[in-house]
Amino acid sequence: MQSRKGLLVGNPKTSNHDILIQVLIDDLLISESGMIKAGNQVEELSLRENIGERLISGKYEGIIRVYFYDCISSEKSLVDVTIPVVITVNE
């Protein structure tokens, strides 16, 4: 099982928040980005250690959770976003 998969998430240059994203299946954290500063993007995320051993091939209902942080104070926003996704695991 590959430990990396493509995922493009961008934070617009005009944003006044930094973002952090998590990918979850049920309550299992599969992957997490570092802080994505305004004007930057990530194109792939690494799976957390040993996650590949816990998942078998198939499709899973999951979520991408986006957290927002103030660019200046780094204070976490009270609002976050949850995006439902289907995650396909291939061997």
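Residues numbered from 1 in each chain as written. Predicted model: local features only at pLDDT ≥ 70, side-chain atom pairs only at ≥ 80, totals over all residues. Heavy atoms only, no water.

**Student:** Go over the pairing of strand β6 (residues 76-89), please, and point to the residues and values.
**Tutor:** In summary, the side chains of a regular strand alternate between the two faces of the sheet. Bridge count between strand β5 (residues 58-70) and β6: eleven bridges; the pairing is antiparallel. By the bridge assignment, Gly62 is partnered in β6 with Val85. (Pairing = 2+ DSSP bridges. Helix = DSSP H or I, 4+ residues; strand = E, 2+ residues; numbered from the N terminus.)

**Student:** Describe the pattern of salt bridges, listing the residues and the values that go with them.
**Tutor:** Where side chains of opposite charge bring their charged atoms close, a pairing between them can arise. Applying the stated criterion across every chain, the model contains one salt bridge. Lys37 serves as the salt-bridge partner of Asp18, at 3.3 Å between the closest nitrogen and oxygen. Linking Asp18 in strand β2 (residues 17-25) with Lys37 in the loop between β3 (28-32) and β4 (41-46), this pair joins segments that are 19 residues apart in sequence. Lys37 gets classed as partly exposed once you look at its relative accessible area, which sits at 43%. (Salt bridge = Lys/Arg side-chain N within 4 Å of Asp/Glu carboxyl O. Buried < 20%, exposed > 50% of the residue type's maximum accessible area, 1.4 Å probe, protein only.)

**Student:** Break down the nonpolar core for me, citing the residues and quoting the values.
**Tutor:** Ranked by size, the top nonpolar core spans 16 residues in total, and within it Val9, Ile21, Val23, Ile25, Ile30, Val42 and Leu55 carry the most contacts. With four residues, the top contributor of residues to this core is β2. Those residues within four positions of Val23 in sequence are excluded, and the remaining contacts are Leu7, Leu28, Leu29, Ile30, Ser31, Leu45, Ile63, Ile64 and Ile87. (Core = buried A, V, L, I, M, F, W, Y, C linked by side-chain atoms within 4.5 Å. Contact = heavy atoms within 4.5 Å.)

**Student:** Describe the sheet that holds β2, naming the residues involved and giving the relevant values.
**Tutor:** In spatial order, the strands read β3-β2-β5-β6; together these four strands make up an open sheet with antiparallel pairing. Edge positions in the sheet fall to β3 and β6, since each has one partner strand and no second. Along the sheet, successive strands turn relative to each other by an average axial angle of 30°, direction set aside. Looking at chain direction, β2 and β3 are connected through four bridges and run antiparallel. Paired with Leu24 across the two strands is Leu29, which belongs to β3. (Axes fitted to C-alpha atoms, helices over the stretch in contact; angles between N-to-C directions.)

**Student:** Give me the lowdown on the pairing of β5, citing residues and values where you can.
**Tutor:** Bridging between β2 and β5 involves nine bridges; their strand directions are antiparallel. Looking across to β5, one finds that Ile21 is bridged to Val66. Joining the antiparallel neighbours β5 and β6 is a turn of five residues, in which Ser74 adopts a positive phi near 65°.

**Student:** Residue-level account of the side chain of Asp18, with values.
**Tutor:** Of the residues examined, Asp18 reaches a relative accessible area of 4% and is grouped as buried. From its side chain, Asp18 meets the backbone nitrogen of Ala38 in a polar contact 3.4 Å long. (Polar contact = N/O pair within 3.5 Å; in protein donor to acceptor, adjacent residues only side chain to side chain.)

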